[in-house]
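# Inside the fold
In case you want the letters, here they are:
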Amino acid sequence: QLQNKILILTICAAGIGGTFQYGYNISIINAPASYIQTFMNTTWLERTGVPLESNVILLLWSFTVSAYPLGGLTGAVVAGPMAIMLGRKMSLLLNNVFVIIAAALSGFSRMAKSFEMIMLSRFFTGMNAGVSMNIQPMYLAESAPKKLRGAVALTSASFTALGLVLGQVVGLREFLGREESWPFLLASNVVPALIQLTALPWFPESPRYLLIDRGDKESCISALQKLRGTSDLSAELEEMLAEQAAVKGQRAKNPWELFQNPSLRWQLVSIVVLSSAMQLCGNDSMYFYAAYVFQEAGIPQDKIPYVVIGTGSCELITSVTCNMIIDYAGRRPLLLGGYIFMAGWAIVFMVALSQQTQISWMPYLSMACIFAYILSFGIGPAGVTGVLPTEVFDQMSRPAAYMICGSLLWFNLFLVGTAFPFIVKSLAHFCYIPFLVVCVCTALYVGLFLPETKGKSFLEISEEFKKRNFKTKTRAGFYKGPEEIKTTTL
């Protein structure tokens, strides 16, 4: 039991300063939006004697908001080299430097009368999230035993959802949501960073990284003993040594090398489709709509922030549930179910929005749709997408695969954030049509092409993809019978 405790504490130490920060920093910026815009205006007035026009304030605010995904994109690109050169654990520790810089910038921005400092701080916060979104699932999946790998790597999504909810709570007026305390709200992200800096050094580095990248068998065994205790490690060690032999003489790959390698074609297509779909499925845009829909449903203006916390809690509850069932249900059913349900709810949501003013109970249906959509996203796509790159790529391709994944994730977040207001303007109530198309196409891809990875070793998964990548070269490749039978467990 002690060893399970060590694994659980490792997960918490990695999560609190890792993907928790991504969720937390996405939601803390919403509460003080109007105060920061006022601060921009008064600062400009003091500097030049001329107030800013409302559209210029809006432009400056969009810059501030989009600095976050831009930082995330930068973080995702540097995460690969960091993971290879410094190791998984050391990268997570060093990553806290970005948040500490960001907290200092935003905390002192009002004192320094500089709104540029807020923009810069959002960029550094984004960098921190970009690195942790890539390295944390990699670190945890490499440290977990095979039968718990899905659940352990999926805790990254639970920490993101926990960060979202806590960010919404801390942003309430009762805590740090008042006008005078917004610099403290933006700087509060330094607390999780300090917790991680004190806790994570006590836990071991990823055993796979130590053995396969560093070739250090002694450290690998000692890390495994810390994580697994006295239980027999020979089977797991044998598996790792086989994996080490399979990549012997290779060096860590660069992202562009993955695109040139025919033996990685399906793995790459799968993570490109799923990483893009995760942001293009419209889940984050639901939060954009939440306040408007709740207002239409007759919820008083001052109570709306509390109901919005309910939407965040929805994602938290489902990602924890998904954690419990992923290693029983498998990856495919959760992804498939999630996207099919989201497609269904998107249709109902558009109908409800178009009838919002005609039928008295429609706002309540829209409300139910928001909760159902977020629940459907949380049960599959939110967590499983982050686990897959670890499972479908070998040790030498994994950091590069996460760089591609992370870059797509942040680029699409930026794209949706920028384009969504225009989509709403042009399509009005039918603004969810693009998201509906994405959900349907992704569900089709998962149903037709994605193999199940539950309970298989990394080598078995590689073999399965190898068959797919090269079967088109033989005419017999169209006959699927025996291959399917091999992959079903009786």
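On a predicted model such as this, the values are computed, not experimentally measured, just so you know. (Residues numbered from 1 in each chain as written. Predicted model: local features only at pLDDT ≥ 70, side-chain atom pairs only at ≥ 80, totals over all residues. Heavy atoms only, no water.)

On to the packing of aromatic side chains, then. In this structure the tally under the stated criterion is 14 aromatic pairs. With 6.4 Å between their ring centres and 85° between their planes, Phe420 and Tyr432 make a pair best called edge-to-face. Placement of Phe420 in helix H21 (residues 398–427) and of Tyr432 in the loop between H21 and helix H22 (433–449) is noted, with a sequence separation of 12 residues between them. Given a relative accessible area of 3%, Phe420 falls into the buried group. Given a relative accessible area of 0%, Tyr432 falls into the buried group. (Phe/Tyr/Trp six-rings, centres within 6.5 Å; stacked < 30°, edge-to-face > 60°. Helix = DSSP H or I, 4+ residues; strand = E, 2+ residues; numbered from the N terminus. Buried < 20%, exposed > 50% of the residue type's maximum accessible area, 1.4 Å probe, protein only.)

A few words on the state of the cysteines. All told, the structure shown has zero disulfides when counted by the stated rule. Cys281 takes part in no disulfide bond, and the closest cysteine sulfur to it belongs to Cys439, at a distance of 5.4 Å. You can see Cys369 has no disulfide; the closest cysteine sulfur is in Cys431, sitting 12 Å from it. (Disulfide = S-S within 2.5 Å.)

Secondary-structure assignment places Thr64 in helix H4 (residues 54–85). At a separation of 2.8 Å, a polar atom in the side chain of Thr64 contacts the main-chain carbonyl oxygen of Leu60. Residues in contact with Thr64, not counting those within four places in the same chain, are Met40, Ile118, Met119 and Arg122. (Polar contact = N/O pair within 3.5 Å; in protein donor to acceptor, adjacent residues only side chain to side chain. Contact = heavy atoms within 4.5 Å.)

Okay, the environment of Gln21 next. With respect to the secondary-structure elements, Gln21 resides in helix H2 (residues 19–27). On the accessibility criterion, Gln21 (0% relative accessible area) is buried. Taking C-alpha positions, Gln21 is 8.5 Å from Ser132, a pair spaced 111 residues apart along the chain. When near neighbours in sequence (up to four residues on either side) are disregarded, Gln21 contacts Ile16, Tyr68, Val99, Asn128, Asn189, Pro192 and Ala193.

Moving on: helix H13 (residues 234–246). One full turn of an α-helix is made of 3.6 residues, so residues set three or four places apart face in the same direction. An ideal rise of 1.5 Å per residue puts 18 Å on 13 residues; H13 measures up with 18 Å between its terminal C-alpha atoms. All of the buried residues along H13 are Glu236, Leu237, Met240 and Glu243. Relative to the axis of H13, the buried residues are bounded by an arc of 120° and lie together on one face. Opposite the packed face of H13, turned more than 90 degrees from it, sit the exposed residues Ala235, Glu238 and Ala245. On its buried face, H13 is in contact with helix H11 (207–213), helix H12 (217–228), H21 and helix H23 (458–471). (Expected span 1.5 Å × (residues − 1). Arc of directions from axis to C-beta.)

The next thing to look at is the nonpolar core. Within the largest apolar cluster, 72 residues are counted, with the highest numbers of intra-cluster contacts made by Tyr339, Phe349, Trp410 and Tyr432. Taken domain by domain, the makeup of this core includes at least three residues from each of domain 1 (1–233) and domain 2 (253–470). When near neighbours in sequence (up to four residues on either side) are disregarded, Phe349 contacts Met286, Tyr289, Val293, Ser366, Cys369, Ile370 and Tyr432. Residues Ile11, Ile29, Met40 and Val152 belong to the second largest nonpolar core, which totals 48 residues. (Core = buried A, V, L, I, M, F, W, Y, C linked by side-chain atoms within 4.5 Å. Domains from an automatic or database assignment.)

The next thing to look at is the domain arrangement of the protein. Many structure descriptions define interface size as the accessible area lost when the parts assemble. Taken domain by domain, the protein comprises domain 1 (1–233) and domain 2 (253–470). Between the C-alpha centres of domain 1 and domain 2 there is a distance of 21 Å. With 44 residues of domain 1 in contact, the opposing surface of domain 2 contributes 44 residues. Interface of domain 1 and domain 2: buried area, both sides summed, is about 3,500 Å²; carbon and sulfur atoms make up 68% of it. Interface area lost by domain 1 to domain 2 is led by Arg149, Leu154 and Gln168, which between them contribute 17%. On inspection of domain 1 and its partner domain 2, the count reaches two salt bridges. The partner of Arg398 in a salt bridge is Glu142, and the shortest N-O contact between them spans 2.8 Å. At the surface where domain 1 touches domain 2, the tally comes to nine residue pairs in polar contact (both at pLDDT 80 or more). Only H4, helix H7 (116–143), helix H8 (149–170) and H11 provide two or more residues apiece to the side of domain 1 that touches domain 2. For the side of domain 1 that touches domain 2, the leading source of residues is H8, giving 14 residues. (Buried area = accessible area lost by both parts, 1.4 Å probe. Salt bridge = Lys/Arg side-chain N within 4 Å of Asp/Glu carboxyl O.)

This brings us to the packing of H7 against H8. Following both chains from N to C, one finds H7 and H8 inclined at 150°, their axes separated by 8 Å at the closest point. Relative to H8, the element H7 is oriented roughly antiparallel. Crossing of H7 over H8 shows right-handed handedness. Residues Met133, Gln136, Pro137, Leu140 and Ala141 of H7 form the contact with H8, whose participating residues are Arg149, Val152, Ala153, Thr155, Ser156, Phe159 and Thr160. Taken together, the residues that form the contact of H7 with H8 break down as seven nonpolar, four polar and one charged. (Axes fitted to C-alpha atoms, helices over the stretch in contact; angles between N-to-C directions. Parallel < 35°, antiparallel > 145°, perpendicular 65-115°, else oblique. Left-handed = near helix turned anticlockwise from the far one by under 90°. Nonpolar A, V, L, I, M, F, W, Y, C, P; charged D, E, K, R; others polar.)

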